[in-house]
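One-letter residues, chain by chain:
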Amino acid sequence: MAGAAAGGASAPQENPLTDLSTFIAGLPKAELHVHHVGSASPRIVAELAARHPDSRVPTDPEALKDFFVFRDFAHFIEVYLSVVDLIRDADDVRLLTYEVARDMARQNIRYAELTVTPYSSTRRGIPDTAFVEAIEDARKAAEAELGVVLRWCFDIPGEAGLESAEETVRIATELHPEGLVSFGLGGPEIGVPRPQFKPFFDRAIAAGLHSVPHAGETTGPQTIWDALTELRAERIGHGTSSVQDPKLLAHLAEHRIPLEVCPTSNIATRAVATLDEHPIKEMVAAGVLVTVNSDDPPMFGTDLNTEYGVAARLLDLDEAGLAALAKNAVQASFLDPAGKARLAAEIDAYTAAAIG
Ligand SMILES: [Zn+2]
């Protein structure tokens, strides 16, 4: 701000941060850890609130910006639940999904594995088939009209217990929509041990789904070991506490088990005190395949481009380093080999044109 205010008429000065931001904005990207309801931006929430005038959520996007300023974690949950309350029928689900893809297209996100929690909707009375049809309709439209390829991770809301696990795996395996690639576990970790979900993950894996539980976000490395041994995790959501256990870091590196790192989310939820203390650098130094993601972007006041900017600063990345980070996400994704090759080539072509 101070620099901009100085405003001389001299020749444009090179600003590395601005240059990198421009590069990041245009960089084709993949996102692997981002939640469906958690991606509802003020614009989308305003549209949903307008459909349901009886809700207490503001319909004016400006008022919504204040609504999205969190006082503490409990307030975050309160706001999150009031957005959940706006998703009452299949048309709401379709609108949310398509509009999330629109926000992704604006950031040049070409591919995303969106974490969807069907249980939140089915328990509110939306029939499972209508829910699945709505997300699949939105997925096909987003790919055709916006150029964003969406895939689903159906996740168990851990706080809702084993009943929600049963319902989630039932919907995943019985309805098995075309876009579904993986099975996850979210919600709080404290008081929600991972091993109890083993039978549900076994069924999902037997049905051909990849295992991608959250682990080690708010608890220690043992939770990550449990995710690996009990839930047969192929990628770890967050994995922040992995850096407390050198053996675990070595295991993740050796077995090429990627981490879905979400820096700003970790600060917002107080899993990490400050961005400068974020352990992403240690993860990379240990040879772990690190991807950068936004988690619940509007709720944490971020987006994927912002997270790439954070990573650039924390890892001291230039354009080539950022392109390599984007390719990590492609490599760690569940795209088929042809899809991976296509997206990686797109990143290479963009980077070559940008840096010459
Ligand atoms: Zn998450």
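Since the model is a prediction, treat every value here as computed from it, not as a measurement.

Draft legend 1. Geometry of the overall build of the chain. If you tally the helices and strands in the chain, you get 17 helices and nine strands. For 356 residues, the compact-globule estimate of 2.2 N^0.38 gives 21 Å, and the chain sits close to it at 20 Å. In terms of overall dimensions, the chain has a C-alpha envelope of 65 × 50 × 40 Å along the principal axes. Here the chain holds 356 residues, and 47% of them are scored as buried.

Draft legend 2. Representation of the sheet that holds strand S4 (residues 180-186) in the model. Strand order in the open sheet made by the five strands is S1-S2-S3-S4-S5, with parallel pairing throughout. With partners counted over all chains shown, the strands left at the sheet margins are strand S1 (29-35) and strand S5 (210-211), one partner each. Here six bridges tie strand S2 (residues 109-116) to strand S3 (residues 149-157), and the two strands are oriented parallel to one another. Bridged to Tyr-111 within S3 is Val-149. Where helix H9 (residues 161-175) meets the sheet, its contacts fall on S3 and S4, and the angle it forms with S3 comes to roughly 150°.

Draft legend 3. Region of the structure containing helix H12 (residues 246-254). Looking only at H12, the buried set comprises Leu-248, Leu-249 and Leu-252. Relative to the axis of H12, the buried residues are bounded by an arc of 100° and lie together on one face. Opposite the packed face of H12, turned more than 90 degrees from it, sit the exposed residues Pro-246, Lys-247 and Glu-254. On its buried face, H12 sits against helix H11 (221-229) and strand S8 (259-261). Downstream of H12 by a residue or two, Arg-256 has a phi angle that is positive, lying close to 50°.

Draft legend 4. Seen up close, the pairing of S3. Extensive coverage of S3 is indicated by the burial of nine of its nine residues. Burial along S3 is two-sided: Val-149, Arg-151, Cys-153, Asp-155 and Pro-157 facing one way and Leu-150, Trp-152, Phe-154 and Ile-156 facing the other are all buried. Examined bridge by bridge, S3 and S4 share six bridges and lie parallel to one another. When the bridges of S4 are listed, Trp-152 appears paired with Leu-180. Each parallel crossover has a hand, and the one from S3 via H9 to S4 is right-handed.

Draft legend 5. Structural context of the sheet that holds strand S6 (residues 214-215). Reading across from one edge, S6-S7-S8-S9 is the order of the four strands in this open sheet, with parallel pairing throughout. Both outer strands of the open sheet, S6 and strand S9 (290-292), are each paired with one neighbouring strand and no more. Here strand S7 (residues 236-238) runs beside S8; their pairing, made up of two bridges, is parallel. Along S8, the bridge assignment pairs Ile-236 with Leu-259.

Draft legend 6. Here's a closer look at the pairing of S4. In terms of burial, S4 is largely enclosed, as six of its seven residues are buried. Pairing of S4 with S5 involves two bridges; the strand directions are parallel. Each residue of the ladder has a partner; that of Ser-182, found in S5, is His-210. Taken together, S4, helix H10 (residues 198-206) and S5 constitute a β-α-β crossover, and its handedness is right-handed.

Draft legend 7. Inspection of the environment of Phe-154 at higher detail. Along the polypeptide, Phe-154 turns up in strand S3. Distance in space between the C-alpha atoms of Phe-154 and Lys-247 is 30 Å, their sequence separation being 93 residues. Here Phe-154 is in contact with Val-116, Pro-118, Thr-168, Ile-171, Ala-172, Leu-180, Phe-183 and Gly-184, once residues within four sequence places are set aside.

Draft legend 8. Spotlight on unusual backbone geometry. One non-glycine residue with positive phi stands out, namely Arg-270, at about 65°. For Arg-270, the position within the fold is in the loop between helix H13 (263-268) and helix H14 (280-285). The residue Asp-316 is not glycine, and still its phi comes out positive at about 55°. Mapped onto the secondary structure, Asp-316 falls in the loop between helix H15 (304-315) and helix H16 (319-332).

Draft legend 9. How the structure looks around the packing of H9 against H10. Relative to each other, H9 and H10 sit at 5°, their axes nearing to 10 Å. Here H10 runs roughly parallel to H9, going by the angle between their axes. Seen from H9, the contacting residues are Ala-165, Glu-166, Val-169, Ala-172 and Thr-173; seen from H10, they are Phe-200, Arg-203 and Ala-204. Residues of the contact of H9 with H10, tallied by class, amount to five nonpolar, one polar and two charged.

About the criteria used
Each chain carries its own residue numbering, running from 1 in the written order of its sequence. pLDDT decides what is reported in this predicted model: residues at 70 or higher carry local features, side-chain atom pairs at 80 or more are listed and counted, and totals for whole chains, interfaces and linings draw on all residues regardless. Numbering of helices and strands runs from the N terminus, with a helix taken as a DSSP run of H or I at least four residues long and a strand as a DSSP run of E at least two residues long. Note that the radius of gyration is over C-alpha atoms, with the globule rule given as 2.2 Å times the number of residues to the power 0.38. Working definition of burial: number of other C-beta atoms within 10 Å of the residue's own, with buried at 20 or more, exposed at 12 or fewer, and partly exposed in between, all C-beta atoms being placed from the backbone. Only strands joined by at least two bridges in the DSSP assignment are considered to pair. Two residues qualify as being in contact provided that their C-beta atoms, derived from the backbone, are within 7 Å of each other. Lines fitted to C-alpha atoms define the axes here, with helix axes fitted over just the stretch in contact, and angles between the N-to-C directions of these axes take values from 0 to 180 degrees. The directions from the helix axis to the C-beta atoms are what the arc is built from. With strands facing away from the observer, any crossover in which the path from the first strand over the helix to the second runs clockwise is taken as right-handed. The scheme is simple: roughly parallel for angles under 35 degrees, roughly antiparallel for over 145, roughly perpendicular for 65 to 115, oblique for anything else. Classification convention: Asp, Glu, Lys, Arg as charged; Ala, Val, Leu, Ile, Met, Phe, Trp, Tyr, Cys, Pro as nonpolar; all other residues, Gly among them, as polar.

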